[in-house]
Amino acid sequence: MERNYQRELDKITQENALSGKRPRLLLHACCAPCSSYCLEYLSEYFDITVLFYNPNLYPEEEYDKRAREEERLIKEMNLRSGGEREIKLVTAEFDSREFYGRIKGLENCREGGERCLKCFELRLEKAAEYAKENGFDFFTTTLTISPLKNAAALNEAGEKAGEKFGVRHLPSDFKKKGGYQRSIVLSKEFGLYRQNYCGCVFSLRESAERNARREMKTGSVPQKN
């Protein structure tokens with residue numbers, strides 16, 4: 001039977017609300033647009049620290065740009081809450097060698113395949129390790145908000161990482177309950193930079209190839225800036 005991760009998350013948040021407790025949650029974030037809805041939703045039930053750890057990003061300037069947008073989003077969301085629910089941010093130092101070492105031999109896999117799974121595992125293990133070392137009650141990731149990401153694979157990777165480091169993984173499928181659509185609305189409200197590729201050099205190449213095929217099919221010529 002297929003698991004309903006959103007239902008599992010609802011059960012945990014309801015328990016938190018009834019108990020009056022606000023557990024500490026480490027939220028791995030891939031980018032500000034994906035974080036927007038997740039933070040709006042989860043801040044009702046948890047004290048949140050965001051971990052921006054994405055060694056897969058290419059080029060390094062893209063890492064810096066997404067990290068700055070994450071920081072800006074959090075500052076603006078904290079201002080909106082009036083300091084009532086302060087979200088904290090930890091930005092990891094960029095080191096792409098961690099990513100390339102993990103996916104070695106899988107460079108030619110298509111997006112969504114084994115290479116992506118290894119990337120999920122890398123980032124979730126880092127989140128679990130940090131959560132354990134710093135006394136968090138739960139950890140999870142914003143990645144499940146994407147319609148292009150496999151929520152089951154992400155939750156399985158999160159659960160394995162949680163078992164490895166001894167910290168509880170929070171199940172999620174943030175695209176449910178209109179989460180992805182809400183993230184688009186919030187991205188517009190905050191004027192967030194929305195990237196047109198997942199993040200790594202391989203997804204950038206595939207995005208360029210898709211655009212080229214689309215242009216050939218439609219006969220359109222890209223406009224120069």
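Look up: the structure comes first, before these words.
What you are looking at is a predicted structure, and each value in this text was computed from that prediction instead of being measured.

J.: Tell me about unusual backbone geometry, and please be specific about residues and values.
T.: The step from Tyr 58 to Pro 59 runs through a cis peptide bond, and the omega angle for that step is -10 degrees. When you line up the elements, Pro 59 lands in the loop between β2 (47-52) and α3 (60-80). At Lys 177, a residue that is not glycine, the phi angle is positive and equals roughly 60 degrees. Among the structural elements, Lys 177 can be located in the loop between β5 (168-169) and α7 (179-190).

J.: Tell me about the nonpolar core, residues and numbers included.
T.: Counting residues in each nonpolar core, the largest one holds 57 residues, and the members touching the most others are Leu 39, Leu 42, Phe 46, Ile 48, Phe 139, Leu 170 and Phe 174. Counting residues per element, this core draws most heavily on helix α5 (residues 114-133), which supplies 8 residues.

J.: Describe the pattern of salt bridges, naming the residues involved and giving the relevant values.
T.: Applying the stated rule across the entire model yields 19 salt bridges. Its salt-bridge partner being Glu 159, residue Arg 3 comes within 2.9 Å of it at the nearest N-O pair. Placement of the pair is Arg 3 in the segment before α1 (5-19) and Glu 159 in helix α6 (residues 151-165), with a sequence separation of 156 residues. One salt bridge in this structure joins Arg 80 and Glu 189, with 3.2 Å as the shortest N-O distance. One end of the pair, Arg 80, is in helix α3; the other, Glu 189, is in helix α7, with 109 residues separating them in the sequence. Of the residues examined, Glu 189 reaches a relative accessible area of 44% and is grouped as partly exposed. Here the residues in one salt-bridge network are Arg 3, Glu 8 and Glu 159, joined through shared partners.

The rules behind these values
- Residues numbered from 1 in each chain as written.
- Predicted model: local features only at pLDDT ≥ 70, side-chain atom pairs only at ≥ 80, totals over all residues.
- Heavy atoms only, no water.
- Helix = DSSP H or I, 4+ residues; strand = E, 2+ residues; numbered from the N terminus.
- Core = buried A, V, L, I, M, F, W, Y, C linked by side-chain atoms within 4.5 Å.
- Buried < 20%, exposed > 50% of the residue type's maximum accessible area, 1.4 Å probe, protein only.
- Salt bridge = Lys/Arg side-chain N within 4 Å of Asp/Glu carboxyl O.

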